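Structural characterization, general
The residues making up each chain are set out below.
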Amino acid sequence: MDELPPPTPPAGGDQVIAGPDGPEDAARPQTGGFGPSAAGAIAAAVLALVALGILWADGGGSIDEPWAPAWDLRLSFALDGLAALYGLLAAGVGALVFTYASAYVPRHLAADGRPREDEARLHAAMVLFLVAMVGLVTSEDLILLFVFWDLTAIASWLLIGFDRRRREARLSALMAMLVTTVTAVLILIGILMLRAEYGTTQLPELLRVAEPSTTVTVACALIAIGALAKSAQVPLHFWLPRAMAAPTPVSAYLHSAAMVAAGVFLLSRVHPLIALEPGLLDGLIVVGLLSMAVGGVLALAMDGLKQVLAYSTISQYGYVVTMLGVGGAKGAAAACFYVLAHALAKSALFMTAGAVTQATGAKALSATGGLLRKLPLLAAGSAAAAAGIAALPLTIGFFKDELFFAASAQRSTELGVAAVLAAGLTFAYMARFWAGIFLGPLRSPVRAPLERRLVWPIAGLGVLVVLGGIAVAPFAELAGDAATVTNGAPVDLHVAYHLDTRTENLMALGAWSLGLLLLAARPAYVPALAAFARLGERLGPDRLYWVSLRKLNELSDAFHDFEVRDLRSRVSSVIVPASVLVALGVIVTPTGGVYVVGAVERDDLPLVVALATCVFAAISVTIPRQHIALTLTLSGVGFSLATAYALMGGADVALVAVLVETLFALLFFGVFALVPRSVLRREARRRSPDRNRWRDGVVAVASGVIITLVVWSALSRPVPKDGMAERHVALTEVAHAKATVTAILADFRGLDTFVEITVIGVAMLIVMAAVRTRRRA
Amino acid sequence: MRAGPMVRLVARSLLAPSFAVAAAILVKGYADAGDGFSAGAVAALGVMLQMLAFGRERVARDLPLHLAPRVAMCGLAIALGVLIIPVLAGGAPLEHWPPPGEKPIYIGTLELITAVVFDIGVFLLVLGACVAIIDALARARAAEEEVA
């Protein structure tokens, strides 16, 4: 067997013969008809497709509603050419993939021993993804776009981790989520930089006013990094092969027409901004070429069906990124057309891989072969799709490469050569993929007949791919309209067959010959491929991800272990850093005019008495040894403080202080009631060792002194005339209130109050959950 | 463990007044000292006192303790509603009605303003959360005794 071992140990779907949904399970057909959730998902996708289609045929449309005017956020959506292309792809491919999923997922669940009802989760997340995708592509506001961007990340996490009992699936979902959301933060930073510079996040306005500057360049670079990570471009590509742990319909949708497409969509959306800095465009070309090379070479090396397709996707989106880097009318046209052609063909191929696994139980090229006669319709549909990716004539793929070659050759000879090399690689791995499944000796027999819904969507996409190769005009028009938006200027996209020796045709011939050569010479360089794959595994970014994740986890554990060791370390981990900061603040604050001793007048006598009581109570706390007495003495401190507040005119504060003291006293009594009497008695008699007593004394005195200094300096400072307090008092009347404190809590600082009560609610849930688990234990 | 007769007498006779005081604090919050938090704490104190004096089982027969978490969540939902609805209507989060300058609607001396609704949410949350936490601890204790 000359095939490589799977490159990454935990990557799912790599086993030559399937584990959990293995042969005996695959042999049991699950023809259960449509589940209600599947029907709903398909209906949603068809509805989205029809709505988008009608709207687009009608000349687009836009919605612009204020969202949060106070923050200058608008719900502004517009269906322009770019939105139409990606939206129609997401909805159209979605409709077919959801149909496929309606038959696939019940089989998948049955093989895993899970109830059929679980399919509703998958369909719901798929529809969430579709909605997020449509929202993403139609957003006119960058903040809105970011919200949908994160929504797609959440949906993809749910989808990739659908087999949540499998560790690999969970880890893969986490990886995809981390890589795409951590980089999404960069996008947000970029957006906010643009907002700070130009005071708006409305894209049309930004495109109008933006000029070349360092801010714009940095912001665009950050946005581009996030977009490239989403499109699985080198070096942030490693999550995609892992994400193959997802059920096949998820891969067919996310990793052809939706999730990875979102990255290049964003690049296209902000392309006029990126194009302000030629250096960024050059960077895109470099990343695109690297992804083309790495993805193409590894696609040739892989054995797992879905692994080949995953690396192929990396490589294919490398083409698109390169074209966006080339820019101009030709680059934009090539990029948009490429996305369209690739999405149709690649989702069909993913579904083919799933159908083959369902039929035979085999998951790798080394375990399949000779299925042409057994599954003729599947073979025909996927042949059209594979030919589409490999850019053979009479498929839509031919034109994608024609545009690609034209744009590359126009840019420079070197890029033209690179384009031919990449296309040759693509031809080789696509031919190997299709031939490996359908030609040669029969390796795994067909054990279970396939439902029509597992085959027809593939055939349908195959027909589309061929249709695009014959009557390309509607596809070209859609891509041309998208390219117009990308380019920021009208793009005239024309493709046709030319039977002459123009450069593009020669380049295509060169690519095919190179592909055939690569295929024929494969045994000669397989060891080199294996070495490359192993090198990537040892030193690649995937490795870096795991190492950094582990180190971060260890750091977090170390902090956590210290913090939760006992009550004292938990309290001190909050108080010690806080008090050090406060002490530093006091030390560096200028002391002119503070630490003054004011005059004590006769009216102050009650206050002085209350405070003296407080001091007396505080000192008395050190004396009692019985728990109840100690609690009561502590309450005494609080109550005398409450009296002081009341005397100073803070009725609200005094009321709260009394209530809190009472609550705490009752809580303490309640806790003591839980502790056996003997334990309480023993603890009351225990004396702490002398060493601790000295330490505790020093800590107590030091913190007392610092607190005294802080309070003293704060109180003796003159109150600013137009401070926050005065403003709040003045505003109280306006807010229909007579009590300022209440108005602050419910109105001026209402958001804080809301967060605080949320914390209380969460604390309640935690206590209840903790008690429940303890009882169960 | 049962408290003595005196404590029980005082506890029982304080239940109704504590709720009355809580209601007063809540309603008068905008004109006088007190707010939803204080009101919730007063009401919760009334309930906690019952539990200390009579034990959880006895109180659970008279008062719907099991509803406490739901009360708390309702409070949170009300507060969230007051927070979100202005945003949906195009305002800032937690924008209160009536706006400054407009006369609120009066029922007697009680003013109808959304800030009071928010405060009621706070009240329900504090009351529900306090009672739920104490109830959870008390039930844990009862379960432990059963095991022992």
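Residues numbered from 1 in each chain as written. Chains lettered and ligands numbered in written order. Predicted model: local features only at pLDDT ≥ 70, side-chain atom pairs only at ≥ 80, totals over all residues. Heavy atoms only, no water.

Considering the overall build of chain B
Scanning chain B for helices and strands turns up five helices and two strands. Written out in order from the N terminus, the α and β elements of chain B read α-α-α-α-β-β-α. Expressed as a percentage of its 148 residues, the buried residues of chain B come to 45%. Sequence-distant contacts in chain B: of pairs separated by 6 or more residues, those separated by 24 or more amount to 67%. Total accessible area on chain B is roughly 7200 Å²; 71% of this is exposed by carbon and sulfur atoms. (Helix = DSSP H or I, 4+ residues; strand = E, 2+ residues; numbered from the N terminus. Buried < 20%, exposed > 50% of the residue type's maximum accessible area, 1.4 Å probe, protein only. Contact = heavy atoms within 4.5 Å. Areas by Shrake-Rupley, 256 points an atom, 1.4 Å probe, with all protein chains shown as cover.)

Considering the domain arrangement of chain A
What the domain assignment reports for chain A is domain 1 (305–520) and domain 2 (722–777). For domain 1 of chain A and domain 2 of chain A, the distance between their C-alpha centroids amounts to 58 Å. (Domains from an automatic or database assignment.)

Comments concerning the interface of chain A and chain B
On the side of chain B, 57 residues touch chain A, which itself brings 44 residues to the contact. Of the roughly 4200 Å² buried at the junction of chain A and chain B (both faces included), carbon and sulfur atoms supply 78%. In terms of surface lost to chain B, no three residues of chain A exceed A:His736, A:Phe754 and A:Met764, which account for 16% of the buried area on that side. Scanning the region where chain A abuts chain B turns up zero salt bridges. Viewed at the interface, chain B and chain A are joined by zero residue pairs in polar contact (both at pLDDT 80 or more). (Buried area = accessible area lost by both parts, 1.4 Å probe. Salt bridge = Lys/Arg side-chain N within 4 Å of Asp/Glu carboxyl O. Polar contact = N/O pair within 3.5 Å; in protein donor to acceptor, adjacent residues only side chain to side chain.)

Remarks on the side chain of A:Ser291
Residue placement: A:Ser291 occurs in helix α13 (residues 278–301). Among the polar contacts made by the side chain of A:Ser291, one reaches the side chain of A:Gln233 at a distance of 2.9 Å.

Description of the environment of A:Ala409
All names here are of chain A. Inspection of the secondary structure puts Ala 409 in helix α17 (residues 396–411). Judged by its relative accessible area of 31%, Ala 409 is partly exposed. For the pair Ala 409 and Thr 631, spaced 222 residues apart in sequence, the C-alpha separation works out to 84 Å. The contacts of Ala 409, once residues within four sequence positions are left out, are Gly 416 and Met 507.

With respect to helix α14 (residues 305–326) of chain A
All names here are of chain A. Look at α14: 32 Å from first C-alpha to last across 22 residues, which is about the 32 Å you get at 1.5 Å a residue. With 22 of 22 residues buried, α14 is to be regarded as a mostly interior element. Gly 327 lies just past α14 and shows a positive phi near 70°. (Expected span 1.5 Å × (residues − 1).)

What to know about the environment of A:Ala769
Residue and element names in this part refer to chain A. Along the chain, Ala 769 falls in helix α32 (residues 750–776). With relative accessibility at 39%, the residue Ala 769 sits in the partly exposed group. Sequence spacing of Ala 769 and Phe 405 is 364 residues, and the spatial spacing of their C-alpha atoms is 62 Å.

Considerations on the pattern of salt bridges
All names here are of chain A. Per the counting criterion, the structure on display carries 18 salt bridges over all chains. Taking the shortest distance from any N to any O, the salt bridge between Arg 411 and Asp 282 comes out at 3.0 Å. Remark: Asp 282 occurs in helix α13 and Arg 411 occurs in helix α17; sequence separation between them is 129 residues. In this structure Arg 411 comes out as partly exposed when scored by relative accessible area, which is 39%.

What to know about helix α31 (residues 740–748) of chain A
Taken residue by residue, α31(A) has A:Thr742, A:Ala743, A:Ala746 and A:Asp747 as its buried positions. Projected onto a plane normal to the axis of α31(A), the buried residues spread over an arc of 95° and lie on a single side. (Arc of directions from axis to C-beta.)

A few points about the nonpolar core
If you look at the biggest cluster of nonpolar residues, it comprises 192 residues, and the most contacted ones within it are A:Trp239, A:Tyr253 and A:Phe337. Per-element accounting of this core gives the leading share, 21 residues, to helix α15 (residues 328–360) of chain A. Excluding residues that lie within four positions of it along the chain, A:Trp239 makes contacts with A:Met175, A:Ala176, A:Val179, A:Thr180, A:Ala229, A:Lys230, A:Ala232, A:His255, A:Met259 and A:Val260. One finds A:Leu659, B:Ala22, B:Val42 and B:Ala115 within the second-largest nonpolar core, a separate group that totals 49 residues. (Core = buried A, V, L, I, M, F, W, Y, C linked by side-chain atoms within 4.5 Å.)

Things to note about the packing of aromatic side chains
Residues and elements named next belong to chain A. One pass over the structure, following the stated rule, counts 17 aromatic pairs over all chains. Measuring from centroid to centroid gives 5.2 Å for Tyr 86 and Phe 265, while their planes differ by 70°, and the two rings are edge-to-face. In this pair, Tyr 86 sits in helix α3 (residues 81–112) while Phe 265 sits in helix α11 (residues 259–269), placing the two residues 179 residues apart along the sequence. For Tyr 86, a relative accessible area of 0% puts it in the buried group. Given the relative accessible area of 0%, Phe 265 is considered buried. Ring geometry for Phe 399 and Tyr 497: centres 4.8 Å apart, planes at 50°, overall tilted. Note that Phe 399 is positioned in helix α17 and Tyr 497 in the loop between α20 (473–487) and α21 (503–520), a separation of 98 residues in sequence. On the basis of relative accessibility, which here comes to 1%, the residue Phe 399 falls in the buried class. Tyr 497 gets classed as partly exposed once you look at its relative accessible area, which sits at 33%. (Phe/Tyr/Trp six-rings, centres within 6.5 Å; stacked < 30°, edge-to-face > 60°.)

Some words on unusual backbone geometry
Residue and element names in this part refer to chain A. Looking along the chain, the bond that leaves Val 234 and enters Pro 235 is cis, with omega of 0°. For Ala 391, which is not a glycine, the phi torsion comes out positive at approximately 70°. With respect to the helices and strands, Ala 391 occurs in the loop between α16 (376–390) and α17.

Some points on the packing of α13(A) against helix α22 (residues 522–539) of chain A
All names here are of chain A. Closest axis-to-axis distance for the α13/α22 pair is 9 Å, and the angle between their directions is 115°. Where α13 crosses over α22, the handedness of that crossing is left-handed. Contacts between α13 and α22 involve Val 294, Val 297, Leu 298, Leu 300 and Ala 301 on the former and, on the latter, Arg 522, Tyr 525, Leu 529, Phe 532 and Ala 533. Here the contact of α13 with α22 is composed, by residue class, of nine nonpolar, no polar and one charged. (Axes fitted to C-alpha atoms, helices over the stretch in contact; angles between N-to-C directions. Left-handed = near helix turned anticlockwise from the far one by under 90°. Nonpolar A, V, L, I, M, F, W, Y, C, P; charged D, E, K, R; others polar.)

Describing a positive patch on the surface
All names here are of chain A. A contiguous patch of positive charge on the surface is contributed by Arg 534, Arg 538, Arg 543 and Arg 550. For the positive patch, the secondary-structure elements that each account for two or more residues are α22 and α23 (541–563). Considering the arrangement of structural elements, one finds Arg 538 in helix α22. (Patch = residues over 30% accessible without salt bridge, like charges linked within 9 Å, V, L, I, M, F, W, Y side chains within 5 Å. Lys, Arg positive; Asp, Glu negative; His and termini not counted. Charge placed at Lys NZ, Arg CZ, Asp CG, Glu CD.)

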